[in-house]
Amino acid sequence: MFAEQRHQAIIQKINHEKSIKASDLIELFGVSFETVRRDLEHLEKAGYLKRVHGGAILKEWDYREEIPMTVREKVHLDGKNELSEIAARYVTEGQSIALDVSTTNTQFVKALKKKIERLTIITNSLPIANELVHMPGYTIILIGGVIRNEEQGMIGDLAEEFASRFHADLFFMSMSGVTLTEGVTDYGLGEVQMKKIMLKNAKRTIALADSSKFEAVSLIKVCGCAEIERFVTDSNIDPAIVNKYKKHGVEIVYK
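Residues numbered from 1 in each chain as written. Predicted model: local features only at pLDDT ≥ 70, side-chain atom pairs only at ≥ 80, totals over all residues. Heavy atoms only, no water.

Brief notes about the sheet that holds strand 15 (residues 252-253)
Within the open sheet, the seven strands sit side by side as 6-5-4-9-12-14-15. Their pairing is parallel. Each of the sheet's edge strands pairs with one partner strand only, and the pair in question is strand 6 (138-142) and strand 15. Pairing between strand 12 (residues 202-208) and strand 14 (residues 230-232): three bridges, direction parallel. Within strand 14, the position partnered with Ala-207 by the bridge is Phe-231. (Pairing = 2+ DSSP bridges. Helix = DSSP H or I, 4+ residues; strand = E, 2+ residues; numbered from the N terminus.)

Structure representation (structure tokens):
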């Protein structure tokens, strides 16, 4: 097994189990302690985990600290793929779709392009544009502006002015957290401003969030839950949370 394959396996294992023992990894991969040590050291530097005596634990992030995109794109991947298949049901041929920059929306368009042949896509995300550029029936409107390198997305005054010109049938909004009291929250002033513009200019808004985002609060409020038509998540969502939100008139779809 190559190092990259081991790294992916370790990431999936620690996200699921929250902690791992070095001895278990040695047995699982059939490698030496030094190899496992180097793997854990590499993943710690990349921000996926924190090494402890005898193994590693899942890194706990402060709510004020934005998780790097390179980490987010590999975390909760099964959940993102699952919710993407569900969310694609709400899209019909020929619609105009607004998509903010996020790893969740990048996964979503992979599901979307398998089911829908004609769309107009409005986005400030380079990864999303790159994912869809070879779809002949898709018109891609890439919002211009200053690239935030870490997120590979366009933000700033130029991007906001550009985005304000376009109206969409549907806006698929990503987020870092949502609660009934605080509403939808996220990181990054530039990203939040883009979400608010897309929200204002869309006829309908559907929020995409894997189950880990519920009952979590991030740095900046985007909007209240009442401004979202429905939330789409994965089947790992706690049924008690679904019922709690439903009692307050908030729909969560997970199957």
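Brief notes about the pairing of strand 12
Summarising burial for strand 12: five of the seven residues are buried, a large majority. Bridge count for strand 9 (residues 168-173) against strand 12 is five bridges, and the pairing is parallel. In the sheet register, Ala-168 faces strand 12, and the bridge partner there is Ala-202. (Buried < 20%, exposed > 50% of the residue type's maximum accessible area, 1.4 Å probe, protein only.)

Comments concerning helix 2 (residues 22-29)
Of all the positions in helix 2, only Ala-22, Leu-25 and Phe-29 are classed as buried. Buried residues of helix 2, seen end-on, are gathered within an arc of 60° and therefore sit on one face of the element. As for helix 2, its buried residues are in contact with helix 1 (3-17), strand 1 (19-21), helix 3 (33-46) and strand 3 (55-58). With its phi angle positive at about 65°, Gly-30 sits one or two positions after the end of helix 2. (Arc of directions from axis to C-beta. Contact = heavy atoms within 4.5 Å.)

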